[in-house]
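# What the coordinates show
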Amino acid sequence: SGGPILHFSVDGHAIGDVAQLSGPGTVEVEAWAESILPIYRLEIISEGRVVASAQDPKGTRRLELKEKVKVDRHTWLAARCGGPNYTSIPHHDGWGRGIMAHTSPVYLTCGDEEWWMFDEATARHLLAVFEDVVSYIRNVVGRHPPGSVTHHHGEDDHVAYLERPFMEARDAVLERMRGLGLSV
């Protein structure tokens, strides 16, 4: 969040939950956003597309919506809010961010299967991001001489500690791709 507070639920399921539907149908989404600085829109996103929204062209401190959204396959829904465009009204913090917030998803299954989605283009993009981040950690991040800093995480190799989540994520994406018979 760059300021606003968001609430979001899908058929009563909270952010991070997996909601199992018996088949194609509709779900009820509820969302509200509050901010000390004006927000102009509140949107429900499904796989990157806006599927429902509430707007106030003058800006307001609170927006809310309650909508039915059609679901015909495994998907995810999330909520986001912000200004007319997310960078047009600078937030008065140290980063000068725009007024915005975005939730994590509620995952929806459509049928009896467990939730599962995969997009090869997204996976390949993530692999490139992981590579860039690890390169940044290895080549740009400043370091203290060995033995001069006591890291709160209790490991001597701070670089390895920083790299680990990206390497684990990379390995998980590669494993999924191999399991689908994709070239890696």
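Preceding this section is the structure that the text describes.
Residues numbered from 1 in each chain as written. Predicted model: local features only at pLDDT ≥ 70, side-chain atom pairs only at ≥ 80, totals over all residues. Heavy atoms only, no water.

### A word on the nonpolar core
Among the nonpolar cores identified, the biggest contains 25 residues, and F8, V27, V29, I44 and L77 are the most heavily contacted of them. Within the residue set of this core, elements represented by two or more residues are β1 (5-10), β3 (18-21), β4 (25-46), β5 (49-71), β6 (75-82) and β8 (106-110). In terms of residue count, β4 provides more of this core than any other element does, 7 residues in total. Not counting chain neighbours up to four residues away, the residues in contact with V27 comprise V10, D11, L21, E67, K68, V69, V71, L77 and L108. A123, L127, L174 and M177 belong to the second largest nonpolar core, which has 6 residues in total. (Core = buried A, V, L, I, M, F, W, Y, C linked by side-chain atoms within 4.5 Å. Buried < 20%, exposed > 50% of the residue type's maximum accessible area, 1.4 Å probe, protein only. Helix = DSSP H or I, 4+ residues; strand = E, 2+ residues; numbered from the N terminus. Contact = heavy atoms within 4.5 Å.)

### Considerations on the pattern of salt bridges
As enumerated under the stated definition, the model contains 11 salt bridges in all. The partner of E163 in a salt bridge is R138, and the shortest N-O contact between them spans 2.6 Å. Taken together, the positions of E163 in helix α2 (residues 158-179) and R138 in helix α1 (residues 120-139) put the pair 25 residues apart, joining distant regions of the chain. In this structure, R170 and D171 form a salt bridge, with 2.7 Å as the shortest nitrogen-oxygen distance. (Salt bridge = Lys/Arg side-chain N within 4 Å of Asp/Glu carboxyl O.)

### Some details on the environment of M177
Note on placement: M177 falls in helix α2. Assessed through its relative accessible area of 0%, M177 is described here as buried. The spatial distance from the C-alpha of M177 to the C-alpha of F118 is 9.0 Å, given a sequence separation of 59 residues. Setting aside residues up to four positions removed in sequence, M177 forms contacts with F118, A123, R124, L127, L182, S183 and V184.

### A word on the environment of R61
If you trace the backbone, R61 turns up in strand β5. Remark: the alpha-carbon pair of R61 and I39, spanning 22 residues in sequence, is separated by 6.1 Å. When residues no more than four places from it in sequence are discounted, the contact partners of R61 are A33, E34, S35, I36 and I39.

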